[in-house]
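Structure assessment
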Amino acid sequence: MATTSTGNHSRIVWRWRVVDIVVAAVIGVATGLIYWAWQFPAAGIAAALPGVQSLGYGLWLLAGVLAALVIRKPGAALFAELVAAIVEALVGNQWGGAVTVLYGVVEGLGAELVFAAFLYANWRLFVAILSGILAGIGGAILDLVLYYPGSTPVFSLVYVISFAVSGAVLAGVVGWLIVRALAPTGALNRFASGRQRTAEV
């Protein structure tokens, strides 16, 4: 568990167990392969939805949010998103390795900062959604800098909002639902996310 209670205070547990590292890495590798495959339908979405193409980009933020919800330790979101980016880069995509890893860092930090703001003690749906939103904003800003320099303010605003909405749904809501679906199966029993069976909405 990421926090322990001492009296009326919560203490963040920074120490990672071997199982934390392994599971976070597995999440990163699995989502990295999904990220690689997603570039093809995402290109179709971009062609069909010019101007709001980033509505399909939120899936690239899933690793960070999902790992944080499962592991519940500082650094989980950044670690998993970075692993996913490295895997995607190694498999090969249209953007190149260095840029892909940069996205992993930026989007992973975006997801991480929200959980840190709640002192790694709140794992409810709205926090997962906020994490996806901030990761999406980070990804959108990086897109605008690297691929859409000189964009109009209207395009930039729509692009950022679309990416944030996509992050909220495809990373925040989907990540939270995955954890909710896995918990009853016993797959997460070594984590607080699996032992806590009460609803967190």
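The name that an unreviewed UniProt entry assigns to the chain is ECF transporter S component, with the source organism given as Lysinimonas soli.

With that out of the way, let us pick up the confidence of the model for the chain. Overall, the predicted model of the chain reaches an average pLDDT of 90, with 92% of residues at or above 70. Across residues 4-9, where pLDDT falls below 50, the model places five contacts with residues more than four positions away in sequence or in other chains.

This next bit is on the UniProt feature "transmembrane region" (unreviewed entry) in the chain. Under the feature "transmembrane region" (unreviewed entry), the UniProt entry names residues 18-38, 44-69, 76-95, 101-120, 127-148 and 154-179. Annotated as 50% helix and 0% strand, the span residues 44-69 places its first and last C-alpha atoms 30 Å apart. Between the C-alpha atoms that bound residues 101-120 there is a distance of 25 Å. The span itself is 85% helix and 0% strand.

This next bit is on helix H1 (residues 18-48). Its 31 residues place the ends of H1 44 Å apart at the C-alpha level, agreeing with the 45 Å of an ideal helix rising 1.5 Å per residue. At glutamine 39, H1 shows its largest bend, some 40°, and a proline, proline 41, comes one to four positions later. Structurally, H1 contributes buried residues whose contacts are with helix H2 (62-71) and helix H3 (76-91).

Calculation notes
Residues numbered from 1 in each chain as written. Predicted model: local features only at pLDDT ≥ 70, side-chain atom pairs only at ≥ 80, totals over all residues. Heavy atoms only, no water. pLDDT = per-residue confidence, 0-100. Contact = heavy atoms within 4.5 Å. UniProt positions renumbered as here; feature names shortened; annotations may be inferred. Helix = DSSP H or I, 4+ residues; strand = E, 2+ residues; numbered from the N terminus. Expected span 1.5 Å × (residues − 1). Bend = angle between axes of the 7 residues up to and from the residue.

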